[in-house]
Amino acid sequence: MLTLIKSPFLEYKLTILRNKRTKNSLFRQTMNEISYLIAAEVLKHIKFKKIKIQTPIQNTYGNEISNPLIIVPILRAGLGLVEGFVKFLPNVEKGHIGLYRDEQTYQPVEYLCKLPKVNNRTILVLDPMLATGNSSSAAIDLIKERGVKVKNIKLVSLLAAPEGIENLRKNHNDLHIFTCSLDKGLNKKKYIVPGLGDAGDRYMGT
Ligand code: URA
C-alpha cells in the first residue's frame, strides 16, 4: 500500500528543501518541521485500542496505541524524520540502522544495526530518500530476520522514485509505504530526479 502525504503547505516546505540555494541550517529546520507533518499522517494508520479512564469528572473511554512503536531511522538522512515522532511520542523506542551506499555498485553496505526487542511492535523505518530502494529493502530484511512480519513494518519516506517503490513491492510485498512525492525517477548516479540532492549531506551540513 502506498500513502501519498499531500498538502499545499507541505509542498511549500518541500520546495524549500528542493531549492539548491537553501542553506544547510534552513534545510535542517525545514526537514525537522516536515517530520511533524509526516508523523501526524503516519500515526493515523496505527492501531489503537479502547481503554477506560477517569476524567476529574467521570468515567469515560479513550484509546491507546495497541502495539508499541519503534522508530528506526536509516543513518544518516533518516535522522531528519525523527523529530516529529519523538515529540508526539516522547517514550517511543528507537533503533538505528547504518547503511552506506557503495558508489560503484550502488548496493547498501551495513555498518550498524542496533534494534531494541521487536516482538509485538510496530516498526517505522525512516528513510527520506527512497531512490533505488536497496537501503530500505536491506533495512527491512534486517528487521524481518528478527521475526517481524511485514504487516508490522511501515516505510516512511519524504521523496520516492518509482524504481524504489517497485523494488520494495518486489521484495516486501504488502509493505505500507508513505511518501510526500513520487518523483520522476533516478539519474545515472541513482539520485532522485528532480529530488533534492544528498539529503544526509544537506541535513548534516557536510
Ligand atoms: N540519497 C539521497 O540523499 N538523495 C538521493 O537522491 C538518493 C539517495
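Heads up: the structure comes first, above all this text.
Let us look at the structure shown here. Fair warning: this is a prediction, and the values are worked out from it, not measured in the lab.

## Section: the overall build of the protein
Then, in step 1: A count of helical and extended segments in the protein gives 6 helices and 15 strands.
Then, in step 2: Since a compact globule built from 206 residues should have a radius of gyration of about 17 Å, the 17 Å found for the protein is in line with a globular shape.
Then, in step 3: Referenced to the eigenvectors of the C-alpha coordinate spread, the extents of the protein come out at roughly 60 × 35 × 30 Å.
Then, in step 4: Classification of the 206 residues of the protein by burial places 47% in the buried group.
Then, in step 5: For the protein, the proportion of contacts with a sequence separation of at least 24, taken over those separated by at least 6, is 63%.
Then, in step 6: By element, 51% of the accessible surface of the protein is carried by carbon and sulfur atoms, the whole surface being about 11,000 Å².

## Thoughts on unusual backbone geometry
Only a minority of non-glycine residues have a phi that is not negative, and only a minority of peptide bonds are not trans.
Then, in step 1: A cis amide bond, omega 0°, links L75 with the succeeding residue R76.
Then, in step 2: Tracing the chain through its elements places R76 in the loop between β4 (69-75) and α3 (82-88).
Then, in step 3: Positive phi, normally seen in glycine, also occurs at K190, with a value near 65°.
Then, in step 4: Residue K190 is classed as partly exposed on the basis of its relative accessible area, which comes to 30%.

## A closer look at a nonpolar patch on the surface
Then, in step 1: A cluster of nonpolar side chains, F9, Y12 and L37, forms an exposed patch at the surface whose accessible area comes to about 300 Å².
Then, in step 2: Tracing the backbone shows L37 in helix α2 (residues 24-42).
Then, in step 3: A relative accessible area of 30% places L37 in the partly exposed class.

## Description of the environment of F9
Then, in step 1: Here F9 shows up in helix α1 (residues 8-18).
Then, in step 2: Separated by 28 residues in the primary sequence, F9 and L37 have C-alpha atoms spaced 9.6 Å apart.

## Some points on the packing of aromatic side chains
Then, in step 1: Under the counting rule described, the total for this entry stands at 3 aromatic pairs.
Then, in step 2: Against the face of Y191 rests R101, its NZ or CZ located 5.2 Å from the ring centre.

## Remarks on the site of the ligand
Then, in step 1: Within the structure, the ligand sits among M129, A131, K190, Y191, I192, G197, D198 and A199.
Then, in step 2: Residue I192 places a main-chain N or O atom 2.8 Å away from an oxygen atom belonging to the ligand.
Then, in step 3: At 2.8 Å from an oxygen atom of the ligand is found a main-chain nitrogen or oxygen belonging to A199.
Then, in step 4: In isolation the ligand exposes 240 Å². Once the protein is present, 87% of that is buried.
Then, in step 5: Classifying every residue of the shell around the ligand gives 5 nonpolar, 1 polar and 2 charged.

## Regarding the pairing of strand β8 (residues 122-126)
Taken residue by residue, a regular strand's side chains alternate between the two faces of the sheet.
Then, in step 1: For β8, the tally of buried residues reaches 5 of 5 residues, placing the bulk of the element in the interior.
Then, in step 2: Sheet topology places β4 next to β8; 5 bridges connect them, and they run parallel. When the sheet's bridge partners are listed, I70 is paired in β8 with I123.

## Describing the nonpolar core
Then, in step 1: Within the largest apolar cluster, 34 residues are counted, with the highest numbers of intra-cluster contacts made by I38, L124, V156 and L158.
Then, in step 2: Of all elements in the fold, only α1, α2, β4, α3, β8 and α6 (199-204) reach the threshold of two or more residues within this core.
Then, in step 3: Considering each element in turn, this core owes the most residues, 6 residues, to α2.
Then, in step 4: Beyond its immediate sequence surroundings of up to four residues, I38 is in contact with I5, L81, V156, S157, L158 and C180.
Then, in step 5: Ranked by size, the runner-up nonpolar core spans 24 residues in total, among them I74, I123, A139 and I143.

## Remarks on the packing of helix α4 (residues 134-144) against helix α5 (residues 162-171)
For any two helices packed against each other, the geometry comes down to the angle between their axes and how far apart the axes lie.
Then, in step 1: In contact at an axis separation of 9 Å, α4 and α5 are set at 25° when each is read in the N-to-C sense. The orientation of α4 relative to α5 falls into the category roughly parallel. Between α4 and α5 lies a crossing whose hand is right-handed. Where α4 abuts α5, its residues N134, S136, S137, I140 and K144 lie against N167, L168 and N171.
Then, in step 2: For the contact of α4 with α5, the residue count by class is 2 nonpolar, 5 polar and 1 charged.

Rules behind the numbers
- Residues numbered from 1 in each chain as written.
- Predicted model: local features only at pLDDT ≥ 70, side-chain atom pairs only at ≥ 80, totals over all residues.
- Heavy atoms only, no water.
- Helix = DSSP H or I, 4+ residues; strand = E, 2+ residues; numbered from the N terminus.
- Rg over C-alpha atoms; globule rule 2.2 N^0.38 Å.
- Buried < 20%, exposed > 50% of the residue type's maximum accessible area, 1.4 Å probe, protein only.
- Contact = heavy atoms within 4.5 Å.
- Areas by Shrake-Rupley, 256 points an atom, 1.4 Å probe, with all protein chains shown as cover.
- Patch = residues over 30% accessible without salt bridge, like charges linked within 9 Å, V, L, I, M, F, W, Y side chains within 5 Å.
- Salt bridge = Lys/Arg side-chain N within 4 Å of Asp/Glu carboxyl O.
- Phe/Tyr/Trp six-rings, centres within 6.5 Å; stacked < 30°, edge-to-face > 60°.
- Lys NZ or Arg CZ within 6 Å of the ring centre and 35° of its normal.
- Near = heavy atom within 4 Å.
- Polar contact = N/O pair within 3.5 Å; in protein donor to acceptor, adjacent residues only side chain to side chain.
- Nonpolar A, V, L, I, M, F, W, Y, C, P; charged D, E, K, R; others polar.
- Pairing = 2+ DSSP bridges.
- Core = buried A, V, L, I, M, F, W, Y, C linked by side-chain atoms within 4.5 Å.
- Axes fitted to C-alpha atoms, helices over the stretch in contact; angles between N-to-C directions.
- Parallel < 35°, antiparallel > 145°, perpendicular 65-115°, else oblique.
- Left-handed = near helix turned anticlockwise from the far one by under 90°.

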